[in-house]
Amino acid sequence: MRKILIPALLAAAALYATGPDALDSGGTPVVVTPLASRTATASGQPITLPQKNVQVLVSTYDIAPGATLPVHRHPFPRYAYVEAGTLKVTNVETGNSNTYKTGDFIIEMIGQWHQATNIGDGPVKLLVIDQVEEGAKNTELRQ
């Protein structure tokens, strides 16, 4: 029994130690790098999800240097991964700003008016994920 228990414990310890780096069944290493873990939006709101018929929308944005997006808000959660560039997002209701650069993950504010400006020398490239009620739009422009 002891001869079986020790190898089993060693195998379990090896699996636990490599965790997400050992997801490939063929022995090729797979590296998982956590990018973000948050429970609140950029303005400190708790993240709330649509309550019915959730639809996930994925898009890319290319924002030219110096470009400023119009003042807008999102009724549903929006997440963005900055693939390239530097983006300044300003909450026009509070005046608070956050600057995001390549590799940052943004959890956008919900229902608050804000705008974003590319403050870098090159384009900002974003991978954007929206969670909306099916058929709904997730951007409302301020009139």
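What you are looking at is a predicted structure, and each value in this text was computed from that prediction instead of being measured.

Q: Run through the overall build of the chain, naming residues and quoting values.
A: For the chain, the count of helices and strands is one helix and nine strands. Helices and strands in the chain line up, N terminus first, as α-β-β-β-β-β-β-β-β-β. Across the 143 residues of the chain, 24% fall into the buried class. Across the chain, the fraction of contacts at a sequence separation of at least 24, relative to all contacts at a separation of at least 6, is 74%.

Q: So, the nonpolar core: which residues are in play, and what are the values?
A: Ile63, Ala80, Val82, Leu87, Val89, Tyr100, Ile106, Met109, Ala116, Val124, Leu126 and Val128 form the largest nonpolar core, which has twelve residues in total. Sorting the residues of this core by element identifies β3 (78-84), β4 (86-91) and β8 (124-133) as the ones contributing at least two each. Residue contributions to this core peak at three residues, all from β8.

Q: Which residues make up the environment of Leu141, and what values go with them?
A: Residue position: Leu141 is located in strand β9 (residues 140-141). Assessed through its relative accessible area of 45%, Leu141 is described here as partly exposed. Separated by 68 residues in sequence, Leu141 and Arg73 place their C-alpha atoms 6.7 Å apart. Setting aside chain neighbours within four positions, we find Leu141 in contact with Pro70, Val71, His72 and Trp113.

Q: Could you give an account of the side chain of Asn138, with specific residues and numbers?
A: Take Asn138: it is sitting in the loop between β8 and β9. A distance of 2.9 Å separates a polar side-chain atom of Asn138 from the backbone nitrogen of Phe76. At 2.7 Å, the side chain of Asn138 and the side chain of Asp130 are in polar contact. With residues near it in sequence (within four places) discarded, Asn138 still touches Arg73, His74, Pro75, Phe76, Pro77, Arg78, Asp130 and Val132.

Rules used in this analysis
Residues numbered from 1 in each chain as written. Predicted model: local features only at pLDDT ≥ 70, side-chain atom pairs only at ≥ 80, totals over all residues. Heavy atoms only, no water. Helix = DSSP H or I, 4+ residues; strand = E, 2+ residues; numbered from the N terminus. Buried < 20%, exposed > 50% of the residue type's maximum accessible area, 1.4 Å probe, protein only. Contact = heavy atoms within 4.5 Å. Core = buried A, V, L, I, M, F, W, Y, C linked by side-chain atoms within 4.5 Å. Polar contact = N/O pair within 3.5 Å; in protein donor to acceptor, adjacent residues only side chain to side chain.

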